[in-house]
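Each chain is listed here by its residues.
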Amino acid sequence: MKAKVSQISPDKLYASLLKRKNEQEQQARLKSPIVTANKYLVPSNRNGGGNSKIEAKKTRPMTGKDLKDVSSVLIKKTHARQNSKLIETKENSQNLSASALSILLKIKQDRPETKQPGIQQSKDMFNQQAISKKYQKLMEMTKQQQQSIVKSKLFKGPRSISNPDISNLQLFISKANGQSAPGMLYNGQTKTNQDIYKIINKFTNKENDWYIQVSDGHGTNGHQVAQFLQQVLPSFIEQSITTISSCFDRDKQVNTILKNCFLQTNEELLDSGIDVTYSGATTVVVISFENVLYCANIGDSRAIIGRFDNKLSVIELSKDHKPDCFLEQARIIQKGGRVQAYSDEDGNPIGPARVWKSDEDVPGLAMSRSFGDYVASQVGVISEPEIIKHALLPCDKFIIVASDGIWEFLSNEWVIETVYEYYKKDDMQGACQRLVQAAKEAWQREDEVIDDITVVIAFIK
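The model shown is predicted, which means the values in this text are computed figures rather than measured ones.

1. Here we look at the side chain of S383
Phase 1: Position of S383 among the secondary structure elements: in the loop between α8 (374-377) and β12 (386-391).
Phase 2: In contact with S383, not counting residues within four places along its chain, are F262, L263, N266, I298, S370 and F371.

2. Observations concerning the packing of aromatic side chains
Phase 1: Evaluated as defined, the whole model comprises 9 aromatic pairs.
Phase 2: Taking 5.1 Å as the distance between ring centres and 15 degrees as the angle between the ring planes, the aromatic pair formed by F308 and Y420 counts as stacked. With F308 in strand β6 (residues 302-308) and Y420 in helix α10 (residues 412-424), this residue pair connects regions lying 112 residues apart in the sequence.
Phase 3: Assessed through its relative accessible area of 30%, F308 is described here as partly exposed.
Phase 4: Within the aromatic cluster, the residues linked to one another by ring pairs are F308, F398, Y420, Y423 and F459.
Phase 5: Above the ring of Y422, the side-chain terminus of K425 is found at 4.7 Å from the ring centroid.

3. Let's talk about the pairing of β6
Phase 1: The buried count for β6 comes to 6 of 7 residues, which makes it a mostly enclosed element.
Phase 2: Sheet topology note: the β6/strand β7 (residues 312-316) ladder contains 5 bridges and is antiparallel. Of the residues in β7, the one forming a bridge with R307 is S313.

4. What about the layout of surface pockets?
Phase 1: Here the largest pocket defines a volume of roughly 1,000 Å³.
Phase 2: Along the walls of the largest pocket sit 32 residues, with H218, R354, A366, D404 and D451 positioned nearest its centre.
Phase 3: Mapped by element, the contributors of at least two residues to the lining of the largest pocket are β3 (209-218), β9 (349-357) and β10 (363-365).
Phase 4: Taken together, the residues of the lining of the largest pocket sort by class into 15 nonpolar, 7 polar and 10 charged.

5. As for the packing of helix α5 (residues 222-241) against helix α6 (residues 250-270)
Phase 1: At their nearest, the axes of α5 and α6 sit 9 Å apart, and the two run at 140 degrees to each other. Put simply, α5 runs oblique to α6. For the element pair α5 and α6, the recorded crossing hand is right-handed. Contacts from V225, F228, L229, V232, L233, F236, I237, S240 and I241 of α5 reach α6 at I257, L258, C261, F262, Q264, T265, E268 and L269.

6. Regarding the sheet that holds β7
Phase 1: Spatially, β1-β14-β13-β6-β7 is the arrangement adopted by the 5 strands of the open sheet, whose pairing is antiparallel. Bordering the open sheet on either side are β1 (173-181) and β7, each of which pairs with just one other strand. Averaged over neighbouring strand pairs, the angle between their axes works out to 20 degrees when direction is ignored.
Phase 2: In this structure, β6 lies alongside strand β13 (residues 396-402), joined through 6 bridges in antiparallel fashion.

7. Side note on the pairing of β13
Phase 1: With 7 of 7 residues buried, β13 is to be regarded as a mostly interior element.
Phase 2: Relative to strand β14 (residues 453-460), β13 is paired through 5 bridges, and the arrangement is antiparallel. Pairing of I399 across the sheet is with A458, part of β14.

Cut-offs and rules
Residues numbered from 1 in each chain as written. Predicted model: local features only at pLDDT ≥ 70, side-chain atom pairs only at ≥ 80, totals over all residues. Heavy atoms only, no water. Helix = DSSP H or I, 4+ residues; strand = E, 2+ residues; numbered from the N terminus. Contact = heavy atoms within 4.5 Å. Phe/Tyr/Trp six-rings, centres within 6.5 Å; stacked < 30°, edge-to-face > 60°. Buried < 20%, exposed > 50% of the residue type's maximum accessible area, 1.4 Å probe, protein only. Lys NZ or Arg CZ within 6 Å of the ring centre and 35° of its normal. Pairing = 2+ DSSP bridges. 1 Å grid on protein atoms, 1.4 Å probe; cavity = no way out; pocket = protein on both sides within 12 Å on 5 of 7 lines; lining within 4 Å. Points joined across faces, edges and corners; volume = space filled by probe spheres on them. Nonpolar A, V, L, I, M, F, W, Y, C, P; charged D, E, K, R; others polar. Axes fitted to C-alpha atoms, helices over the stretch in contact; angles between N-to-C directions. Parallel < 35°, antiparallel > 145°, perpendicular 65-115°, else oblique. Left-handed = near helix turned anticlockwise from the far one by under 90°.

Structure follows, in structure tokens:
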């Protein structure tokens with residue numbers, strides 16, 4: 001007798017097979033060992049999980065193609081969790097084998113230990129090299145600065161093809177000479193010469209240092225004042241200059257010394273016994289420290305430089321102190337004085353501006369700074385010098401220091417043009433004689449009297 005065969009629908013058959021397949025997969029999953037989590041995997045909070053583990057599924061032998069695919073994925077700079085997902089997708093949800101996991105661990109371990117320290121080391125080496133270079137440069141600059149202080153370089157100009165290192169050029173006064181002539185009174189009689197000059201070579205016992213002074217006395221005892229200044233002022237300055245121990249801030253030291261020496265000399269003059277009630281003197285001093293000049297001036301004597309740089313030009317080393325100069329006049333008025341020129345019967349001004357007391361027509365001084373002049377000093381006339389520094393250049397040819405007997409009627413431009421012709425012939429004495437003669441002739445043409453005339457000329461080599 002034939003057994004009956006039950007009829008099963010296709011749908012039920014498919015469901016039964018699918019259920020059996022799922023049970024088999026679940027049993028295989030339970031039997032498979034759990035793979036230890038990679039230390040480089042980042043924990044995920046998805047589905048409330050903390051530290052997730054990677055569970056291995058059934059494995060199969062890895063072929064060459066499989067290893068190639070795994071390597072191509074791992075080479076990419078992708079997160080480890082993303083790498084595992086990509087591999088699972090590639091292998092249809094199959095787990096990595098032990099060999100693949102070993103490759104992953106090796107790559108992940110090599111990456112922080114080999115590459116990253118190498119980059120850090122290169123950066124550190126670069127920083128150390130940069131710091132070393134900066135340190136060496138700083139040391140070189142410090143050494144150069146110390147050498148410049150030791151060598152006492154007073155001036156250093158710009159370098160160029162046409163203008164080399166000026167500090168290496170030996171620019172200084174090679175020689176100097178002067179001449180002085182007395183003036184003439186209204187009656188044609190020769191007056192007492194109240195001008196005086198002084199030239200000192202090897203000033204402060206240094207070979208190329210020079211001291212030049214021109215003083216122009218005025219008033220009854222003006223000649224005595226000028227002689228006193230010739231003896232006292234250079235000594236004070238020389239003694240003070242020798243006390244400079246270093247070249248640090250030398251300009252400030254020299255300026256202070258010159259001002260103090262002028263003021264000290266004026267105090268000595270007031271105590272000298274010379275009557276300076278209405279007598280005094282102007283003074284201009286030029287000191288040459290090799291290639292650097294310092295000019296200290298009070299009054300209307302003057303110092304200039306003749307420069308030839310394709311053409312002749314004038315470099316002023318001093319400024320005339322006239323009572324009608326704005327700052328000078330303001331000081332005089334503040335001290336109770338007034339500034340006014342002589343006037344004729346109709347009140348028209350005659351001659352230069354002069355200093356007067358506000359309530360008296362005295363002293364009538366034609367300059368705003370001078371030595372002595374006690375009455376004028378009560379209304380703003382001072383003995384403090386104005387100081388100008390000048391560094392010699394190769395185009396500076398000569399220095400001219402003179403009293404107002406030269407400058408009253410001779411212009412700066414005419415003077416340097418005249419002296420330059422004698423400079424080319426190296427005839428310094430001839431230049432002095434020519435200027436004194438020209439000044440006398442100008443006074444005779446322009447005035448009824450002739451002032452005292454004094455000039456000093458120094459050639460620069």
